[in-house]
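Structural overview for review
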Amino acid sequence: MATVKFDQATRIYPGNDTPSVDRLDIDVADGEFLVLVGPSGCGKSTSLRMLAGLEEVNDGKIWIGDRDVTDLSPKDRDVAMVFQNYALYPHMTVADNMGFALKIAGVDKGEIRKRVQEAAGILDLTDYLERKPKALSGGQRQRVAMGRAIVRSPQVFLMDEPLSNLDAKLRVQTRTQIASLQRRLGVTTVYVTHDQIEAMTMGDRIALLKDGILQQCATPREMYDRPNNVFVAGFIGSPAMNLVSVPVTEDGVQFGSHRLHVDRSLLGSSGNEVIVGMRPEDVEVTTNEDGLELIVDVVEELGADAYVYATPANPDIRLEGVGDDALAKPFIARVDGRRVPDKGSKIFVYPNPDHMHVFNKESGARLG
Amino acid sequence: MALEITAARPDPALLDLPWRVPLEEWPEDILAALPRGISRHVVRFVRLSGRVLAVKEIKADLARREYELLRNLNRLGMPCVEPFAVISGRVGADGRELDACLVTRHLQFSLPYRALYSQTLRKGTATRLIDALAVLLVRLHLAGFWWGDVSLSNTLFRRDAGAFAAYLVDAETGELRQRLSDGQREHDLDIARINIAGELMDLEAGGLLQEDRDPVAVSERIMTRYRELWGELTGPELIDDGERWRVEDRMRRLNALGFDVDELEITTDLDGTSIRIQPKVVDAGHHSRRLLRLTGLDVRENQARRLLNDLDAFTAGTGRQGEDEEIVAHEWLTRIYEPVTRRVPRGLVAKLEPAELFHEVLEHRWYLAERARHDIPIEEAIDDYVASVLPGKPDEQSVLGVDTRELPVIAGPNAQP
Ligand SMILES: Nc1ncnc2c1ncn2[C@@H]1O[C@H](COP(=O)(O)OP(=O)(O)O)[C@@H](O)[C@H]1O
Ligand SMILES: Nc1ncnc2c1ncn2[C@@H]1O[C@H](COP(=O)(O)OP(=O)(O)O)[C@@H](O)[C@H]1O
Ligand SMILES: [Mg+2]
Ligand SMILES: [Mg+2]
């Protein structure tokens, strides 16, 4: 077991001007499950390969435990890259399906048997070791695939989108299995995904990357409650946080017809406008003319609650957000399921002052 | 949701396929029972408008991504299957959404490695397959393609004058870059080696591997072959100023490996005593391009090499060395190649492609000559071959002889045992 440290780690691919991973700093604790998340192309796989020893590090260092591994070859690092894809081999027994990578690595037979036994115990596969994969259920096959990684008993597991090609149901099931298995084994794990729900549900901590630059590294709760900047705010959480550009006033900000008090010292340097963010559950909805005026497009009933999807009545009001479709982004509010507004009706909204987020309009940085 | 077909040239007959039925339950009568490799998704072959298509059930976003990647690889002239269509918006009879389908054209005369192993095999088949895969991987890497799931299952093989030519079939995990980093290439090699070892161990466990060496040792060959080839194709070489012939020598070595050098970088050092040469752009298909130019025959690299050798022998044998190459080649084509390949009875043409047949006949002639201890005319060799060897070969246009059930597919993980 070991800690992992990205220490100003930088990768510039040959032929590129800008780094694909730019001075990455992350400390992963011993036994921690760290999720690297971010949109496609943000540098997740590159970071993971740097840690595995498969990608040159142009600047900075990588540490595993107290060893500087920056210049070590992959096989000297004691990390196991878990394949994104796996196929079970039909003629081989479950035991051989789990142990074959050890055979390739030259581990002796007795040791392989021992480790396969152990892994099978953990995965509840002991009774199936001599069977062929054909005789297993879908979930059991999935566990055999995990067994392949476990038997290598590395200091660090590296996983690059291992669930991307599973169907929705199996993905949820396997997600839980991997997370609970990791906790039981206590092996430090760096897990890559583009899916923020996966990140939120699996990680002890999440590191969110954008364009090769670390945006924030924190627990799921912190990422949700105190996003560092507009990008984090928009990326984490589903449905996404509502982000609205609003004018700054003497003692706060003007949210439609609603005045919100914000400490001037926070707003000091931030020009005429700031971005105010609020999660759907932190939106006050009223039919009094108080707040930002919206027209209700769709109501999604969930029983106890309902989600209201609405657009600003004033077309000049733009909702900020991640991705190219920001313009088409609706404003989303969660309301009491017994008091839902009608489709097409007019509502007024403003954020719950205890749970609102304020960001600098230019830099996107969190204020306060 | 409406059924949506994405295709460059959509065939309306596609609409007749039972898209509302999960692929696993498609009726036998439209399926072609061709062998396939190990896969995670459900894959089936269907006959449509006189051709065979491969259909893979896969999530819509992945299907579209793979379709685009295959199109780009085709554009780059890489050996791979040809994408045909993506069908999305499928809804089952019970109203439930079904995964999308990626449709590719079945690669004619191609053999999945598992089908090869169900035939009686020449010794050393595994190494020949790996050599072919090494060439494919080098070509893909030169084009900037990171595969991410290199394996024998994800490769199709075609016979190539006694050797094999490899084609990419599964691009699901791939990424196309301007140029790959060394780390990305190493990563692919690492994946290749583990997958190949696993696949060979599986054949061994099934009693299908007749190799005398163990799978792990054989699998290591992918690394050595790949590195040799990569070094030869891209590595710099320092030569003395007095040895300029070695520039030519390097070109010839690359030609012999089947590559043309489109761009060679030559730099002299400051004191002018040595020259550094490094191929910058290389292009596979040296022999097949030459044969195509001379005869119009479009065949694989080793077949072309073999045919060109026979053409050379013809030129020498008829004393035509000084004549225009294209005229002699035309004569060879009409006097030797075409008569030989036309001598195959209709009922046997699906056994082997013409160029491969020609190669086999040349081999057979040599074998007959050695036994008889004198030269054998080509006509005699072909007649003997057609009578005694060809009928015993399996049909390989689209291999039907093998029972697909003996080549179990690990279906999606949600499949019931
Ligand atoms: N061989 C390469 N040459 C140039 N750029 C590359 C290469 N490989 C990856 N990149 C770039 O590096 C960035 C990060 O890529 P990657 O780590 O694969 O992202 P992710 O895994 O987050 O999708 C992307 O912008 C990608 O285009
Ligand atoms: N166009 C094709 N021509 C011939 N065989 C094919 C074709 N497409 C798929 N196959 C066969 O089906 C198998 C599975 O397809 P593949 O794309 O690898 O699926 P998976 O993504 O589930 O691994 C391949 O190993 C190959 O044998
Ligand atoms: Mg990636
Ligand atoms: Mg495959």
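Our subject is the structure listed above.
1. Quick look at the interface of chain A and chain B
Contacts between chain A and chain B engage 34 residues on the former and 36 residues on the latter. Counting the contacts that link chain A with chain B gives five residue pairs in polar contact (both at pLDDT 80 or more). Where the side of chain A that touches chain B is concerned, the elements lending two or more residues are helix H2 (94–104), helix H4 (138–150) and helix H5 (168–185) of chain A. Ranked by residue count, the leading element in the side of chain A that touches chain B is H4(A), at four residues. Looking at side-chain class alone, the side of chain A that touches chain B contains 17 nonpolar, nine polar and eight charged residues.

2. Observations regarding the site of ligand 1
For ligand 1, the set of nearby residues contains 15 residues, the closest of which are Ser20(A), Gly41(A), Thr46(A), Arg179(B) and Gln184(B). Per-site note: the chains with residues close to ligand 1 are chains A and B. Within the contact set of ligand 1, an oxygen atom lies 2.9 Å away from a backbone nitrogen or oxygen of Lys44(A). The contact in question runs from an oxygen atom of ligand 1 to an N or O atom on the side chain of Ser45(A), over 2.8 Å. Against a free-state accessible area of 560 Å², the protein chains account for coverage of 83% of ligand 1. No other element matches helix H1 (residues 44–52) of chain A, which puts three residues into the shell around ligand 1.

3. Structural notes on the nonpolar core
Counting 86 residues, the largest nonpolar core has Leu14(B), Trp19(B), Trp147(B), Phe157(B), Leu168(B), Leu200(B) and Ile222(B) as its most contacted members. No other element matches the ten residues that helix H3 (residues 125–142) of chain B contributes to this core. Contacts of Leu168(B), omitting those with residues within four sequence positions, involve Leu70(B), Leu73(B), Pro79(B), Cys80(B), Val81(B), Leu136(B), Leu140(B), Phe145(B), Trp147(B) and Asn154(B). By size, the runner-up hydrophobic cluster in this structure holds 43 residues, among which are Val37(A), Leu125(A), Leu136(A) and Leu170(A).

4. Re the pattern of salt bridges
This structure, assessed with the given rule, holds 52 salt bridges over all chains. Across the salt bridge formed by Asp225(A) and Arg221(A), the nearest N and O atoms sit 3.3 Å from each other. Pair noted here: Asp225(A) and Arg221(A) are both in helix H7 (residues 220–225), with a separation of four residues, about one helical turn. Since its relative accessible area comes to 37%, Asp225(A) is described here as partly exposed. Salt-bridge contacts for Lys56(B) lead to Glu66(B); the nearest nitrogen and oxygen are separated by 3.2 Å. A residue pair is termed long-range when its members are at least 10 positions apart, and Lys56(B) in strand E3 (residues 51–58) and Glu66(B) in helix H1 (residues 60–75) qualify at ten residues. Look at Lys56(B) and you get buried, because its relative accessible area is 11%. The structure contains a network of salt bridges with shared partners spanning Glu232(B), Glu237(B), Glu243(B), Arg246(B), Asp249(B), Arg250(B) and Arg253(B).

5. Looking at the coordination of the magnesium ion (ligand 4)
Here the magnesium ion (ligand 4) is held by the protein donor atoms Asn154(B) (OD1) and Asp170(B) (OD), which lie 2.0 to 2.2 Å from it. Residue Asn154(B) is found in the loop between strand E7 (145–146) and strand E8 (155–160), and its partner Asp170(B) is found in the loop between strand E9 (163–168) and strand E10 (175–176); the two are separated by 16 residues along the sequence.

6. Brief notes about the sheet that holds strand E17 (residues 305–312) of chain A
Residues and elements named next belong to chain A. Here we have five strands laid out as an open sheet, ordered E15-E20-E16-E17-E19, and antiparallel in their pairing. Edge strands, defined here as strands with exactly one partner in the open sheet, are strand E15 (283–286) and strand E19 (331–336). Between one strand and the next, the sheet's axes are offset by a mean angle of 45°, whatever the strand orientation. Pairing analysis gives six bridges linking E17 to E19, with the strands arranged antiparallel. Within E19, the position partnered with Tyr309 by the bridge is Ile332.

Cut-offs and rules
- Residues numbered from 1 in each chain as written.
- Chains lettered and ligands numbered in written order.
- Predicted model: local features only at pLDDT ≥ 70, side-chain atom pairs only at ≥ 80, totals over all residues.
- Heavy atoms only, no water.
- Contact = heavy atoms within 4.5 Å.
- Polar contact = N/O pair within 3.5 Å; in protein donor to acceptor, adjacent residues only side chain to side chain.
- Helix = DSSP H or I, 4+ residues; strand = E, 2+ residues; numbered from the N terminus.
- Nonpolar A, V, L, I, M, F, W, Y, C, P; charged D, E, K, R; others polar.
- Near = heavy atom within 4 Å.
- Areas by Shrake-Rupley, 256 points an atom, 1.4 Å probe, with all protein chains shown as cover.
- Core = buried A, V, L, I, M, F, W, Y, C linked by side-chain atoms within 4.5 Å.
- Buried < 20%, exposed > 50% of the residue type's maximum accessible area, 1.4 Å probe, protein only.
- Salt bridge = Lys/Arg side-chain N within 4 Å of Asp/Glu carboxyl O.
- Donors = N, O, S within 2.8 Å, 3.2 Å for Na, K, Ca; no water.
- Pairing = 2+ DSSP bridges.
- Axes fitted to C-alpha atoms, helices over the stretch in contact; angles between N-to-C directions.

Function-wise, these values are silent; they only describe arrangement.
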